[in-house]
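# Fold and contact review
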Amino acid sequence: MQIITQERTGSAQVLQLSEKPTPEPGPGELRVRVVAAGVNPVDAAVRAGDFPLIGAPPFTLGWDLAGEVEAVGPGVRWYRPGDRVAGLARFPQQAATYASHAIVPEEEIARVPSQVDLQQAGALPLAGLTAWQALVVAGGLAPRQRVLIHSGAGGVGHLAVQIAKARGAHVTATASAGKLELLRELGADIAVDYHRAQPVGPFDLVLDPQAGVQAETSVALTRAGGKVITLLDFTETAAQLAQARGVHLQRIMVRPGAHHMAALMTLMAEGALRVVVDRTFPLAEAGAAQDYLAEARPAGKVALIP
Ligand SMILES: NC(=O)c1ccc[n+]([C@@H]2O[C@H](COP(=O)([O-])OP(=O)(O)OC[C@H]3O[C@@H](n4cnc5c(N)ncnc54)[C@H](OP(=O)(O)O)[C@@H]3O)[C@@H](O)[C@H]2O)c1
């Protein structure tokens, strides 16, 4: 099989395409022929050594995948060769989905309905599960709530906008000017160019992917008893402000989950959720794909196609 490996941390140049024997699945595992693997900001952070999630190299990046089951290990109950599947594998441990084949636990994936494109499904998992777990699980999103989604055209944000709409929320989303039309197409009721204006609250629920000092604004825009869910660290000032205002402020960390994946697949099959794939790259260009995600500020997702 073909696989992207790295012997040291550093710039995108450390990523190399290698050949390795195709592995056999162990108990409860599947071997998937990867059709698409999403690229996420965490991948470049781990590659560079800024976020030592899986220890020191050698290792292989990648947690997202969609593809076809090729072989099943002992005790696998739900899948057989030929099934179309997608998921976030083993996060935050090594999953090595930057490859033509990957071994994944059956309890972390879901079936991809026939109407759903495997490229979109492969670009979905980490970002989609983050959006779902932030809004629905941690946020307790309810119909008619006023929801604010920062970075609403990013990988997580564009999925969050659609999930919030599908669950009956009134959605305000922020992005830079060139992406406001996309926000409206995705269903945002109000699209705000955050370089020029501030969203008008109060909100019941805010998803804040960038956090940092922005979390202070997020808290200030949230009603007492409302929630702000961040994906990165927030400041001590934001924590104090949240306490003073009676706002629940929480940073979440995405985790794999077959049930959450299945819920996302259902939304996609119903046409309520689509993954905007900004650009795909061949597996051999994994480094270029990471640089593009970091520098080009794409709308939606970037994916590798082995
Ligand atoms: N905690 C977790 O489990 C978890 C899970 C997923 C992601 N994350 C983190 O959440 C963040 C967003 O992830 P993502 O996959 O949505 O990323 P992404 O696809 O790269 O999208 C980020 C978007 O945010 C906007 N943005 C606003 N301020 C920005 C800034 N200061 N720097 C960079 N972009 C900015 C950009 O769009 P505009 O052009 O509109 O500004 C950009 O396209 C990343 O930092 C990621 O590491 C955390």
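Residues numbered from 1 in each chain as written. Predicted model: local features only at pLDDT ≥ 70, side-chain atom pairs only at ≥ 80, totals over all residues. Heavy atoms only, no water.

As a further point, take the packing of helix α1 (residues 41-48) against helix α9 (residues 286-295). Interaxial distance between α1 and α9 falls to 9 Å at its minimum, and their mutual angle equals 115°. Where α1 crosses over α9, the handedness of that crossing is left-handed. Seen from α1, the contacting residues are P41, D43, A44 and R47; seen from α9, they are Q290, D291 and L293. Split by residue class, the contact of α1 with α9 holds three nonpolar, one polar and three charged. (Axes fitted to C-alpha atoms, helices over the stretch in contact; angles between N-to-C directions. Helix = DSSP H or I, 4+ residues; strand = E, 2+ residues; numbered from the N terminus. Left-handed = near helix turned anticlockwise from the far one by under 90°. Contact = heavy atoms within 4.5 Å. Nonpolar A, V, L, I, M, F, W, Y, C, P; charged D, E, K, R; others polar.)

Counted under the stated rule, the structure contains ten salt bridges. Salt-bridge contacts for R31 lead to E70; the nearest nitrogen and oxygen are separated by 2.9 Å. Separated by 39 residues along the polypeptide, R31 in strand β3 (residues 29-39) and E70 in strand β4 (residues 64-72) bring together distant segments of the chain. With relative accessibility at 11%, the residue R31 sits in the buried group. Relative accessible area serves as the criterion here: at 32%, E70 is assigned to the partly exposed category. Where R274 meets E185, a salt bridge forms, and the shortest distance between an N and an O atom there is 3.6 Å. (Salt bridge = Lys/Arg side-chain N within 4 Å of Asp/Glu carboxyl O. Buried < 20%, exposed > 50% of the residue type's maximum accessible area, 1.4 Å probe, protein only.)

What follows concerns the domain arrangement of the protein chain. According to the domain assignment, the protein chain contains domain 1 (2-124 + 275-305) and domain 2 (127-251). The distance between the C-alpha centroids of domain 1 and domain 2 comes to 28 Å. Taken residue by residue, the interface counts ten residues in domain 1 and twelve residues in domain 2. Of the roughly 820 Å² buried at the junction of domain 1 and domain 2 (both faces included), carbon and sulfur atoms supply 60%. When residues of domain 1 are sorted by the area they lose upon contact with domain 2, L124, V276 and R297 head the list and together hold 44% of the total. Remark: the boundary between domain 1 and domain 2 carries zero salt bridges. The interface formed by domain 1 and domain 2 includes six residue pairs in polar contact (both at pLDDT 80 or more). Partitioned by chemical class, the residues of the side of domain 1 that touches domain 2 number six nonpolar, two polar and two charged. (Domains from an automatic or database assignment. Buried area = accessible area lost by both parts, 1.4 Å probe. Polar contact = N/O pair within 3.5 Å; in protein donor to acceptor, adjacent residues only side chain to side chain.)

As a matter of local geometry, the ligand sits amid 21 residues, with G155, S176, K179, Y194 and R297 nearest to it. Contacts to the ligand include G155, whose backbone N or O atom sits 2.8 Å from an oxygen atom. Here the ligand loses 80% of its free accessible area of 920 Å² to cover by the protein chains. Elements that contribute at least two residues to the shell around the ligand include exactly α3 (125-138) and α4 (155-166). Across the shell around the ligand, the residue classes break down as 13 nonpolar, six polar and two charged. Counting contributing residues per domain, the shell around the ligand is built from domain 1 (2-124 + 275-305) and domain 2 (127-251), each supplying no fewer than three. (Near = heavy atom within 4 Å. Areas by Shrake-Rupley, 256 points an atom, 1.4 Å probe, with all protein chains shown as cover.)

As a further point, take the environment of G55. Of note, G55 is situated in the loop between α1 and β4. Note on G55: relative accessible area 43%, which makes it partly exposed. Here the alpha-carbon distance between G55 and Q93, two residues 38 residues apart in the chain, equals 9.3 Å.

At a minimum axis distance of 10 Å, the contact between α3 and helix α8 (residues 258-270) shows a crossing angle of 100°. One element, α3, and the other, α8, form an angle in the roughly perpendicular class. Facing P125, G128, L129, W132, Q133 and V137 of α3, the residues of α8 in contact are H260, M261, A263, L264 and L267. (Parallel < 35°, antiparallel > 145°, perpendicular 65-115°, else oblique.)

Residue P92 is reached from F91 by a cis peptide bond, and omega for that bond is 10°. Along the polypeptide, P92 turns up in the loop between β5 (84-88) and β6 (101-105). Cis rather than trans, the peptide bond between G201 and P202 has omega equal to 0°. Tracing the chain through its elements places P202 in the loop between β10 (190-193) and β11 (203-208).

Counting residues in each nonpolar core, the largest one holds 89 residues, and the members touching the most others are L124, L135, I149, I163 and M265. No other element matches α3, which puts nine residues into this core. The two domains that each donate at least three residues to this core are domain 1 (2-124 + 275-305) and domain 2 (127-251). By size, the runner-up hydrophobic cluster in this structure holds eleven residues, among which are L148, V219, A238 and L249. (Core = buried A, V, L, I, M, F, W, Y, C linked by side-chain atoms within 4.5 Å.)

Now for the packing of aromatic side chains. The full count for this structure, using the stated rule, is two aromatic pairs. Ring centres 5.7 Å apart and planes at 55° place the aromatic pair F281 and Y292 in the tilted group. Taken together, the residues F281 in strand β14 (residues 277-282) and Y292 in helix α9 connect sequence positions eleven residues apart. Between the NZ or CZ atom of R279 and the centre of the ring of Y292, over which it lies, the distance is 4.9 Å. (Phe/Tyr/Trp six-rings, centres within 6.5 Å; stacked < 30°, edge-to-face > 60°. Lys NZ or Arg CZ within 6 Å of the ring centre and 35° of its normal.)

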